[in-house]
Amino acid sequence: MQEHADGITLSANANLAVSSNVHPAVGVAVDKNGKWRRTMEDAHTFIHDFDQVPGQGYFAIFDGHAGKFAAEWCRDNMSDILAKELQEHPTMDVREVMKNAFLKTDDQLEIESKNAGARSGCTAVLSLIRLEPGNDDRKKRVLYTANVGDARSVLCRGGKAIRLTYDHKGTDQFETKRITEKGGFLLNNRVNGVLAVTRSLGDFSVKEFVVGTPFTTSIDLCDEDEFLIVACDGLWDVVSDQDAVDLVSQYIDAQEAAQKLLEHALENFSTDNTSVMIVKFPKRAE
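The present account deals with the structure reproduced in this document. Since this is a predicted model, take the numbers as computed values, not measurements.

1. Things to note about unusual backbone geometry
Part 1 of the reasoning: The phi dihedral of Gln52 falls on the positive side, at around 60 degrees, and the residue is not glycine.
Part 2 of the reasoning: Relative to the helices and strands, Gln52 resides in the loop between strand S4 (42–47) and strand S5 (57–65).
Part 3 of the reasoning: In this structure, Asn188 takes a positive phi of about 55 degrees despite not being glycine.
Part 4 of the reasoning: Looking at where Asn188 falls in the secondary structure, it is placed in the loop between strand S10 (186–187) and strand S11 (190–191).
Part 5 of the reasoning: With relative accessibility at 67%, the residue Asn188 sits in the exposed group.

And the structure:
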């Protein structure tokens, strides 16, 4: 495993032939959690053959706070920003491209937020599947992930949960050190006593401390990889990575799995908006 900027690279000993014509099955389940929340501030999107590239997939969840403007704007615009970055930098490490897309999204969101009189922010988790050259002229499937805040992507590999993201919270010692060195402070594990996450898109009143630079990962998918869970903290605050993987493994249908996982979070007393996306990988051709 190698460190890369604010992220890591994971490798797998697999290089199987992959069909670009088979899309992963995607299931999405969301709930406002009306007992605790008056409004729904989450947003999500997924795109097959992203940027008109066969086999390329885009999967994202944005968890808003202080309003839904930031989450919905990122849902509607971040995919275009990432596609443009990929087109303009075809030889750049994709993790760097994703980092640049996050920062450009943050910059543009600031302008749009001011125009709309909005003060909201959002966490973001984005996973991108690409077909890339492998051994013996065969294609391999590579999964890239980037996040700010505490939404997560978790991969199921051979029944084991592999977390591909990093929770940016006020309880994290490295994030606390970064913020205090810049002159900020943590009060009750909140940045300047206000925000529980330490990285986000938006939140421009504390942008000096709550940056939009994402944590990134890259992993070569192999035959042991069954599915990906992309979800906001409404799930992860009450369900562990492995418990989520164990539950989803019981269901073949992606939509049923997403619904059951959402219900499990609510039954375990989640008090937040909750969004769950399940991405079931197609089997590879030998």
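After presenting the structure, the write-up continues.
2. Observations regarding the packing of aromatic side chains
The geometry of an aromatic ring pair is captured by two quantities: the separation of the ring centres and the angle between the planes.
Part 1 of the reasoning: Considering all chains together, one arrives at two aromatic pairs under this definition.
Part 2 of the reasoning: Plain terms: the ring middles of Phe50 and Tyr58 are 4.9 Å apart, the flat faces sit at 25 degrees to each other, and that makes the pair stacked.

3. Overview of the pairing of strand S7 (residues 139–148)
Two faces, one strand: in a regular strand the side chains alternate between the faces of the sheet.
Part 1 of the reasoning: For S7, the tally of buried residues reaches eight of 10 residues, placing the bulk of the element in the interior.
Part 2 of the reasoning: Summarising the sheet, strand S6 (residues 121–133) and S7 pair through 10 bridges and their orientation is antiparallel. Directly across from Leu126, in S7, lies its bridge partner Ala146.
Part 3 of the reasoning: From the end of S6 to the start of S7, which pair antiparallel, there are five residues, and Asp136 there has a positive phi angle of about 55 degrees.
Part 4 of the reasoning: Pairing of S7 with strand S13 (residues 215–220) involves six bridges; the strand directions are antiparallel. Paired with Tyr144 across the two strands is Ser218, which belongs to S13.

4. Describing the state of the cysteines
Part 1 of the reasoning: All chains considered together, the criterion is met by zero disulfides.
Part 2 of the reasoning: The thiol of Cys74 is not disulfide-bonded; the next cysteine sulfur, from Cys122, is found 3.9 Å away.
Part 3 of the reasoning: According to the relative accessible area criterion, Cys74 is buried, its value standing at 0%.
Part 4 of the reasoning: Cys232 carries a free sulfur, and the closest cysteine sulfur to it, the one in Cys122, is 12 Å from it.
Part 5 of the reasoning: Under the relative-accessibility criterion, Cys232 is labelled buried at 0%.

5. What to know about the side chain of Thr123
Part 1 of the reasoning: Among the structural elements, Thr123 can be located in strand S6.
Part 2 of the reasoning: Judged by relative accessible area, Thr123 falls into the buried class, the value being 2%.
Part 3 of the reasoning: In this structure Thr123 touches Ile61, Phe62, Asp63, His65, Val148, Gly149, Asp150, Ala151 and Val197, once residues within four positions along its chain are discounted.

Calculation notes
- Residues numbered from 1 in each chain as written.
- Predicted model: local features only at pLDDT ≥ 70, side-chain atom pairs only at ≥ 80, totals over all residues.
- Heavy atoms only, no water.
- Helix = DSSP H or I, 4+ residues; strand = E, 2+ residues; numbered from the N terminus.
- Buried < 20%, exposed > 50% of the residue type's maximum accessible area, 1.4 Å probe, protein only.
- Phe/Tyr/Trp six-rings, centres within 6.5 Å; stacked < 30°, edge-to-face > 60°.
- Pairing = 2+ DSSP bridges.
- Disulfide = S-S within 2.5 Å.
- Contact = heavy atoms within 4.5 Å.

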